Amino acid sequence: MILQPLSPVGDAIDTAAPDARARIAALYPPPGLRVNLVATLDGGTMDAEGTSAGITSGADRAVLGAIRSVSDTVLVGAATLRAEGELVPRSTHLTVLTTTGDFTGAAVRDDIEPGRILVVGPSGAEDRARRTFAAPFEYFAVDGDRAVPLHVMLDALRDRGLAHVVCEGGPRLVGQLLAADLVDEICLTTVPRILGRAQLLFGGAAPGPRELELLQLLADETGALYARWRPSR
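As the structure is a computational prediction, the values presented were derived from the model and not from experiment.

### Side note on the overall build of the chain
Point 1. Across its full length, the chain carries 6 helices and 11 strands.
Point 2. In terms of principal-axis extent, the alpha carbons of the chain reach across some 50 × 40 × 35 Å.
Point 3. In the chain, which comprises 233 residues, the share counted as buried stands at 48%.
Point 4. Taking as baseline every contact in the chain between residues at least 6 positions apart, the subset at least 24 positions apart corresponds to 61%.
Point 5. Put simply, the chain shows about 10,900 Å² of open surface, and 54% of that area lies on carbon and sulfur atoms.

Structure below.
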C-alpha cells in the first residue's frame, strides 16, 4: 500500500518496501505525549467485536509500528488491554493504567520478558492486579483507592526514562488526557467508512474546546487519511 504525503507535499512511501518503517518514522518525530487513534468518519473506534481490528488496515498498522518505534512506551487503559491483548508491542515498553486492578480476560503473549510492562494504579488495586494479570509486570502504586492523577503517572514514566509516550486508548483515556491539557500531539487515522452506530471518539470524556494546528497529512489509495495535529494550550 502507498502512503502519499499531502501536507507538506513529499514523496510517496510503499509500506511494503524494506525502508518503509524508517521513512514513515522520520515523519513522526516523538513529542512528549502523543495519542494515536484510528476511527471511522462517524467517530467509531471499535468494530462489532469491540476492537480496532475491523477498521484498521495495512497502512495504518505500518504507521502504528513506525510511531511505536520512536516511542519509549505505549500507554493504554486496562479495559483496552482486556479487549486487545495482542496490542502488547514486541519491541517497545508497555504502560497500563488501571483503577481497579482487574485484568480478567487479558490474554497477552506468553513470551513477554520481565521489565517490559509497567502497571500504574492505586495501591489498593495491586493485589487484584497480581491475581488477574498473568504477564510479568512492575507495579507503580499511588496511595489511595481512587484513579491515579494523570500527571503523576506521566511523572513516574519520565522518572523511569520513558519520556516519549504514545497513548493508544481507550478513547476515554485519550479524552481525559486532553481535558488535563497533557497531550502534545494527536495522530488520527480517519477510515472512509461509516459504522452507523453511536460511538464517541473520546469515549464520552469532555476535553473542552481546543484549537488544533495541522502538522502533517498523509493519504493512502483507499482514501484513509493520516493526520498529525497539535492541540492549543
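### Here's the deal with unusual backbone geometry
Point 1. Omega for the bond connecting S7 with P8 falls within 30 degrees of zero, at -10°, which places this linkage in the cis form.
Point 2. Tracing the backbone shows P8 in the loop between β1 (2-7) and β2 (13-14).
Point 3. Here the residue pair G169 and G170 is connected by a cis peptide bond, since its omega of 5° sits within 30 degrees of zero.
Point 4. Within the secondary structure, G170 is located in the loop between β8 (165-167) and α6 (171-179).
Point 5. One non-glycine residue with positive phi stands out, namely D181, at about 60°.
Point 6. Within the secondary structure layout, D181 lies in the loop between α6 and β9 (185-191).
Point 7. What makes D181 partly exposed here is its relative accessible area of 34%.

### What about α6?
Point 1. Listing the buried residues of α6 in full gives P171, L173, V174, G175, L177 and L178.
Point 2. At the C-terminal side of α6, D181 shows a positive phi close to 60°.

### Focus on the packing of aromatic side chains
Point 1. By the definition in use, this model includes 2 aromatic pairs.
Point 2. Each ring, one from F103 and one from F133, has its centre 4.5 Å from the other, and the planes form 15°; the classification is stacked. Note that F103 is positioned in the loop between β5 (93-97) and β6 (117-122) and F133 in the loop between α4 (126-132) and β7 (138-142), a separation of 30 residues in sequence.
Point 3. We classify F103 as buried; its relative accessible area is 0%.
Point 4. Residue class for F133 comes out buried when judged on its relative accessible area of 3%.
Point 5. Grouped by ring-pair contacts, the aromatic residues F103, F133 and F137 constitute a single cluster.

### Here's the deal with the confidence of the model for the chain
Point 1. Per-residue pLDDT for the chain averages 89, and the proportion of residues at 70 or more is 95%.
Point 2. Within the chain, no element has a lower average pLDDT than helix α3 (residues 78-83), which sits at 88, and none a higher one than β8, at 97.

### Remarks on the sheet that holds strand β11 (residues 225-231)
Point 1. One open sheet holds the 11 strands; their spatial order is β2-β1-β10-β11-β9-β3-β8-β4-β5-β6-β7, and the pairing between them is mixed. Two strands lie at the open edges of the sheet, namely β2 and β7, each paired on one side alone.
Point 2. Where β1 and β2 come together, 2 bridges link them in antiparallel fashion. Pairing of L3 across the sheet is with I13, part of β2.
Point 3. Running over the sheet, helix α2 (residues 58-69) touches β1, β3 (33-40), β4 (73-77), β8, β9, β10 (212-220) and β11 and is turned about 170° from β3.

### Re the pairing of β3
For a regular strand, the rule is simple: side chains alternate between the two faces of the sheet.
Point 1. In terms of burial, β3 is a largely internal element, 8 of the 8 residues being buried.
Point 2. Side chains L33, V35, L37 and A39 project from β3 onto one buried face, and the interleaved R34, N36, V38 and T40 project onto a second face that is buried too.
Point 3. Inspection of the sheet shows β3 paired to β8 by 3 bridges, in the parallel sense. Residue pairing across strands places R34 opposite V166, the latter belonging to β8.
Point 4. Two strands pair when backbone bridges link them, and β3 and β9 are joined in this way by 7 bridges, in the parallel orientation. Within β9, the position partnered with A39 by the bridge is T190.

About the criteria used
- Once a new chain begins, its residue numbering starts again from 1 and follows that chain's sequence as written.
- For a predicted model such as this one, the threshold for reporting local features is a pLDDT of at least 70, and the threshold for listing and counting side-chain atom pairs is 80 or more; totals across whole chains, interfaces and linings nevertheless cover every residue.
- Side-chain calculation: all heavy atoms of the structure are included, whereas hydrogens and water are not.
- Only runs of H or I of at least four residues qualify as helices and only runs of E of at least two qualify as strands under DSSP, and these elements are numbered from the N terminus.
- Note on classification: 1.4 Å probe, protein chains only; a residue is buried when its accessible area is under 20% of the maximum for its type, exposed when over 50%, partly exposed between these limits.
- Contacts are assigned to residue pairs that have any heavy atoms within 4.5 Å of one another.
- The method behind every accessible area is Shrake-Rupley, applied with a 1.4 Å probe, and residues are considered shielded solely by the protein chains displayed.
- Any two of the Phe, Tyr and Trp rings considered here, Trp counted by its six-membered ring, make a pair once their centres fall within 6.5 Å; the pair's planes then place it as stacked at under 30 degrees, edge-to-face at over 60, or tilted in between.
- Confidence of the predictor at the level of single residues is captured by pLDDT, which takes values from 0 to 100.
- The pairing criterion is simple: DSSP has to find at least two bridges between the two strands.
- The axes used here are C-alpha line fits, helices contributing only the stretch in contact, and every angle between their N-to-C directions lies in the interval 0 to 180 degrees.

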